[in-house]
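Understanding the architecture of this molecule
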Amino acid sequence: MFGDLFGKLQEAQQKMSDSKERLKHISVEGEAGNGLVKVVVSGNREVQTLEVDPSLLSAERKEELEDLLITALNRALKNAENAWETEMKGVAGGMLGGMGLPGM
């Protein structure tokens, strides 16, 4: 009984590791100001790129730029969170189903 459970736990751990690796290669975007600021984040919520339109690079537009950066980052991170949740639900559903429990 415990040997089977131990095997299932090792299998689940491997699936989690595989999922984290796949999430590294997923890119999601968030933007603000009709594309004036764009942020690309991995599925593991690591910022990969940040683009700012040159028109925002003046002292007079500093506050607007800061607001757009925050908005774009939050949108990208939310999209990354959604990708992460989708990936983890697949792993969790497979684990629970494999243990004789109903999936998510």
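Here's a quick rundown of the structure. (Residues numbered from 1 in each chain as written. Predicted model: local features only at pLDDT ≥ 70, side-chain atom pairs only at ≥ 80, totals over all residues. Heavy atoms only, no water.)

Some points on the overall build of the protein chain
We apply this condition: Numbered from the N terminus, helices here are DSSP runs of H or I no shorter than four residues, and strands are runs of E no shorter than two. Type-normalised accessible area, obtained with a 1.4 Å probe on protein chains alone, sets the label of each residue: buried when under 20%, exposed when over 50%, and partly exposed for intermediate values. Note on definitions: a residue-residue contact is assigned when non-hydrogen atoms from the two residues lie within 4.5 Å. Surface accessibility in these figures is a Shrake-Rupley result with a 1.4 Å probe; residues are shielded only by whichever protein chains are displayed.
Counting its regular elements, the protein chain contains two helices and three strands. The linear arrangement of helices and strands in the protein chain, starting from the amino end, is α-β-β-β-α. Counting every position in the protein chain, which comprises 104 residues, the buried fraction comes to 22%. Of all intrachain contacts in the protein chain linking residues separated by at least 6 positions in sequence, the fraction that spans at least 24 positions is 49%. Total accessible area on the protein chain stands at roughly 6900 Å², and carbon and sulfur atoms take up 56% of it.

Notes on the pattern of salt bridges
Worth spelling out the cut-off: Note on definitions: salt bridges are taken to be side-chain nitrogens of Lys or Arg within 4 Å of carboxyl oxygens of Asp or Glu.
For the coordinates displayed, the defined rule picks out six salt bridges. Residue Glu 21 is joined to Lys 24 by a salt bridge in which the shortest nitrogen-to-oxygen separation is 3.2 Å. One end of the pair, Glu 21, and the other, Lys 24, are both in helix α1 (residues 2-24), three residues apart, so they sit about a helical turn from each other. Classification of Glu 21 by relative accessible area gives partly exposed; the value is 38%. Between Glu 66 and Lys 62 there is a salt bridge; the shortest N-O distance is 2.4 Å. Here Glu 66 and its partner Lys 62 are both found in helix α2 (residues 62-98), four residues apart, which amounts to about one turn of the helix. We classify Glu 66 as partly exposed; its relative accessible area is 35%.

Considering the nonpolar core
What counts, and what does not: In this description, a nonpolar core means a group of buried Ala, Val, Leu, Ile, Met, Phe, Trp, Tyr and Cys residues linked to one another through side-chain atoms lying within 4.5 Å.
Core analysis: the largest hydrophobic core is formed by 11 residues, namely Val 28, Ala 32, Val 37, Val 39, Val 41, Leu 56, Leu 65, Leu 68, Ala 72, Ala 76 and Ala 80. Looking at this core element by element, the count peaks at five residues for α2.

Thoughts on unusual backbone geometry
In this structure, Asn 34 takes a positive phi of about 55 degrees despite not being glycine. Of note, Asn 34 is situated in the loop between β1 (27-32) and β2 (37-42). Judged by its relative accessible area of 85%, Asn 34 is exposed. Non-glycine residue Arg 45 carries a positive phi angle of around 65 degrees. Among the secondary structure elements, Arg 45 is positioned in the loop between β2 and β3 (47-52).

Regarding the sheet that holds β3
To keep things clear, this is the line we draw: Being paired, for any two strands, means DSSP has found at least two bridges between them. Axis definition: a line fitted to C-alpha atoms, over the contacting stretch in the case of helices. Angles run 0 to 180 degrees between N-to-C directions.
Reading across from one edge, β1-β2-β3 is the order of the three strands in this open sheet, with antiparallel pairing throughout. Every interior strand has two partners, whereas the edge strands, β1 and β3, have only one. Ignoring which end each strand starts from, the neighbouring axes of this sheet average 15 degrees apart. Of the pairings in the sheet, the one linking β2 to β3 comprises five bridges and is antiparallel in character. Looking at β3, one finds that Lys 38 is bridged to Glu 51.

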